[in-house]
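Here is how the chains run, residue by residue.
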4 protein chains.
Amino acid sequence: MARGINKVILVGNVGNDPEVKYTQGGMAIAKVSLATTSVRKDRDGNTQERTEWHRVTFFGKLGEIAGEYLKKGSQVYVEGSIRYDKYTGQDGIERYTTDIIGDEMQMLGGRGDGRGDNAGSSGGFAPRRDASQGGYQKKPEATPAPAAAADFKDFGDDDIPF
Amino acid sequence: MARGINKVILVGNVGNDPEVKYTQGGMAIAKVSLATTSVRKDRDGNTQERTEWHRVTFFGKLGEIAGEYLKKGSQVYVEGSIRYDKYTGQDGIERYTTDIIGDEMQMLGGRGDGRGDNAGSSGGFAPRRDASQGGYQKKPEATPAPAAAADFKDFGDDDIPF
Amino acid sequence: MARGINKVILVGNVGNDPEVKYTQGGMAIAKVSLATTSVRKDRDGNTQERTEWHRVTFFGKLGEIAGEYLKKGSQVYVEGSIRYDKYTGQDGIERYTTDIIGDEMQMLGGRGDGRGDNAGSSGGFAPRRDASQGGYQKKPEATPAPAAAADFKDFGDDDIPF
Amino acid sequence: MARGINKVILVGNVGNDPEVKYTQGGMAIAKVSLATTSVRKDRDGNTQERTEWHRVTFFGKLGEIAGEYLKKGSQVYVEGSIRYDKYTGQDGIERYTTDIIGDEMQMLGGRGDGRGDNAGSSGGFAPRRDASQGGYQKKPEATPAPAAAADFKDFGDDDIPF
DNA sequence: TTTT
DNA sequence: TTTT
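Conventions and cut-offs
Residues numbered from 1 in each chain as written. Chains lettered and ligands numbered in written order. Predicted model: local features only at pLDDT ≥ 70, side-chain atom pairs only at ≥ 80, totals over all residues. Heavy atoms only, no water. Helix = DSSP H or I, 4+ residues; strand = E, 2+ residues; numbered from the N terminus. Buried < 20%, exposed > 50% of the residue type's maximum accessible area, 1.4 Å probe, protein only. Contact = heavy atoms within 4.5 Å. Areas by Shrake-Rupley, 256 points an atom, 1.4 Å probe, with all protein chains shown as cover. Salt bridge = Lys/Arg side-chain N within 4 Å of Asp/Glu carboxyl O. Polar contact = N/O pair within 3.5 Å; in protein donor to acceptor, adjacent residues only side chain to side chain. Buried area = accessible area lost by both parts, 1.4 Å probe. Nonpolar A, V, L, I, M, F, W, Y, C, P; charged D, E, K, R; others polar. Pairing = 2+ DSSP bridges. Least-squares fit on C-alpha atoms with pLDDT ≥ 70 in both. Core = buried A, V, L, I, M, F, W, Y, C linked by side-chain atoms within 4.5 Å. pLDDT = per-residue confidence, 0-100.

## A word on the overall build of chain A
Along its length, chain A carries one helix and six strands. Traced from its N-terminal end to its C-terminal end, chain A shows the element sequence β-β-β-β-α-β-β. When the 162 residues of chain A are sorted by exposure, 51% land in the buried category. Sequence separation of 24 or more characterises 62% of the internal contacts of chain A that already satisfy a separation of 6 or more. Of the roughly 7600 Å² of accessible surface on chain A, 46% is carried by carbon and sulfur atoms.

## Focus on the pattern of salt bridges
Counting across every chain of the model gives 32 salt bridges over all chains. As a salt-bridge pair, Lys 7 of chain A and Glu 79 of chain B come within 3.0 Å of each other at their nearest N and O atoms. Of this pair, Lys 7 of chain A sits in strand β1 (residues 5-14) while Glu 79 of chain B sits in strand β5 (residues 75-88), each in a different chain. Residues Lys 7 of chain A and Glu 79 of chain B agree in their burial class; the two are buried. The class for Glu 79 of chain B is buried, based on a relative accessible area of 3%. Three or more residues joined by partner-sharing salt bridges are found here, namely Lys 7 and Glu 79 of chain A together with Lys 7 and Glu 79 of chain B.

## Things to note about the side chain of Glu 79 of chain A
Side chain to side chain, Glu 79 of chain A and Tyr 77 of chain A meet in a polar contact 2.9 Å long. Excluding residues that lie within four positions of it along the chain, Glu 79 of chain A makes contacts with Lys 7, Val 8, Ile 9, Ile 101, Gly 102, Asp 103 and Glu 104 of chain A together with Lys 7 and Glu 79 of chain B.

## A closer look at the interface of chain D and chain A
Contact residues are listed per partner, giving 31 residues for chain D and 32 residues for chain A. With both chains or domains summed, chain D and chain A bury close to 2700 Å², and 47% of this area falls on carbon and sulfur atoms. The tally of links from chain D across to chain A stands at two salt bridges. A salt bridge links Arg 50 of chain A to Asp 85 of chain D, with the shortest nitrogen-to-oxygen separation between them at 3.4 Å. The tally of links from chain D across to chain A stands at 17 residue pairs in polar contact (both at pLDDT 80 or more). The set of elements that each furnish at least two residues to the side of chain D that touches chain A consists of β1 (5-14), β3 (28-41), β4 (47-59), β5 (75-88) and β6 (94-107) of chain D. Counted by class, the side of chain D that touches chain A contains 13 nonpolar, nine polar and nine charged residues. Relative to β1 of chain D, β1 of chain A runs antiparallel, the two being bridged by seven bridges. Across the sheet, Val 8 of chain A pairs through a bridge with Val 8 of chain D, a residue of β1 of chain D.

## A word on the pairing of strand β3 (residues 28-41) of chain C
Residue and element names in this part refer to chain C. Most of β3 sits out of view: ten of its 14 residues are buried. Strand direction decides the pairing type here: strand β1 (residues 5-14) and β3, joined by two bridges, are antiparallel. Each bridged residue has a counterpart across the sheet, and for Asn 13 the counterpart in β3 is Ala 35. Across four bridges, strand β2 (residues 19-22) lies against β3 in antiparallel orientation. Following the sheet pairing, Val 20 is matched in β3 by Ala 30. Where β2 folds back on β3, the antiparallel hairpin that results is connected by five residues, among which Gly 26 adopts a positive phi of roughly 95°.

## Re the relation of the copies chain D and chain A
For the match of chain D to chain A, the screw axis carries a shift of 0.0 Å, the RMSD comes to 0.1 Å, and the turn is 180°. In short, the pair behaves as if placed about a two-fold rotation axis. Rotation axis and chain D: the residue whose C-alpha lies nearest the axis is Val 8 of chain D, separated from it by 2.3 Å. Residue by residue, 100% of the interface of chain D is reproduced at the interface of chain A, so both copies engage with the same surface.

## Re the nonpolar core
Grouped together as the largest cluster of nonpolar side chains are 48 residues, with contacts concentrated most on Phe 58, Leu 70 and Met 105 of chain B together with Phe 58, Leu 70 and Met 105 of chain C. Formed by 47 residues, the second largest nonpolar core is a distinct cluster that contains Val 76 and Val 78 of chain A together with Phe 58 and Tyr 69 of chain D.

## Digging into the confidence of the model for chain A
On average, residues of chain A carry a pLDDT of 79, and 70% of them reach 70 or more. Scored below 50 in pLDDT, residues 131-136 of chain A shows ten contacts in the model against residues more than four places distant or in partner chains.

## With respect to the side chain of Asp 99 of chain C
Residues and elements named next belong to chain C. Following the sequence through the fold, Asp 99 ends up in strand β6 (residues 94-107). We classify Asp 99 as buried; its relative accessible area is 6%. A polar side-chain atom of Asp 99 sits 3.0 Å from a polar atom in the side chain of Arg 55. Residues in contact with Asp 99, not counting those within four places in the same chain, are Lys 31, Arg 55, Thr 57, Ser 81, Ile 82 and Arg 83.

## What to know about helix α1 (residues 60-69) of chain A
Every α-helical turn comprises 3.6 residues, leaving residues that sit three or four positions apart pointing alike. Residue and element names in this part refer to chain A. In terms of burial, α1 is a largely internal element, eight of the ten residues being buried. Residues of α1 that are buried include every one of Gly 60, Leu 62, Gly 63, Glu 64, Ile 65, Ala 66, Gly 67 and Tyr 69, and no others. Looking at the packing, one finds that the buried side of α1 touches β2 (19-22), β3 (28-41), β4 (47-59) and β6 (94-107).

## Here we look at the environment of Pro 18 of chain A
Within the secondary structure, Pro 18 of chain A sits in the loop between β1 and β2. According to the relative accessible area criterion, Pro 18 of chain A is buried, its value standing at 4%.

What follows is the structure, given as structure tokens:
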């Protein structure tokens, strides 16, 4: 019986173009690193800065959207949960990983790349140019058109009046 | 184009047994009041306490679960969004309402009712006894068995490995 | 005794330049409207869009920062709580208001990549030009220099190692 | 310049009595494991359950409160941030840890009805009996009386009217 | 290691 | 209207 809430909310900048691969069943898995930086004053009055790099994974349709629209430098809102895994490396040593499994994503800042070279775009968010070659594995079949970059939230129950 | 995040997280105690009604299409709509109380010290060192009463609405399957399992006094986690509405009363005066539209709910505290009279129950959360008469409107048709009280989160994509 | 969590997380666009006033004790109170828009498909496959306008209030130092840095159109992250109030208008009619009391704020989108080509700028977010005249009431005394626009989070305990 | 939001919200059950130690400066550091369990149906209709064990650390006053009031089995709400660290073990191997740094905590479920029959108790949550011996290190000096177990949120600015 |  |  389920017990508990495991929720993560991140706003940060993506450190790399997404890596996208597909399961045998054709489900997309997109991975990015996401940086969140915080500042504080230490007791000497000096400003201290610290950056956490989150490994964020998106599955399914959201993985496809992330693979299309996120790129190095994008500022993004991510909501998801923390997942801890353990594996044994080829060297026989047990290692641990922590991943954020994203279940909602929203691009921020209009022209989130900051390279500003897509002037003339009416919206600000464009698919990455190399998206069709991107990732390290092709999707085996035709990709359904990604949902508008708009809001990536899944609205489950179509009956619900907003 | 969607822009924005509108997210509310509440943990509080329910002030009343849920009111449940059904749309013509058979969708459940459950409403409860939820109290969240905060304390702080004022500048005189006195403890000040303030309670907010949130109007929480659950639609669809979650509405059915809420109608079955929540009752006056239940401690509950609710995640949802804020919705503002405006209507004109019969007196011709415009009025405004604020509702929390719940899209996740989880009961807290094991036997959240405190009436402890359902001894023998193996779990602690039992449907309200009067659920079948509850609310102010009957559901027009047979209610599908509610999901286990367990975890009320909708897991959208069955492909996603946890 | 306090019971409950009342937390709101918003990402949206500001609808107006902030209104700032000061209490007799000199505490800033800044108010803005913040829009969050969501989209969904209705059962006919049409895209439906709905915008909520949140009334957001910032107190104290955060109110000063909001008053300086937010302006109409700013995209912003806000974390806070919901507060419901009731008052009786001059017409003798009871009315209700809902406000989001912000306790954390972070500006978004301002060339978040850091590769900005206007090197020499300290960061991308500039105070509003008319900030010194802004608002509808002056602060009675000298304003302490606002914290760097950077991260508006209050780090309470200086002892805590990040 | 700070950029980003790194926020975690957990509701779960504590797996062990807290371990509390103190820095040379006398600051408490309390650590607990917190379990969050989720369920979902796999594609064969079988119920799958998965538990994440979060390492949660509380510093300062909140660490003292956690050390006093949390115990194995407690249900608790925690809000904080994720922190990743890397260290080299005595075996010379680099290892990584992930911790949740708690900055708000609230105990849940403590006889949420309030009609409790052990009148005379001040409230439902009692300090752990062995708190004075608890943890694996003593605090070097007198502990300031912990804040009421009530609400552990730090209200920063005493001027703020709720 | 928790909880249901 | 809840809860402590």
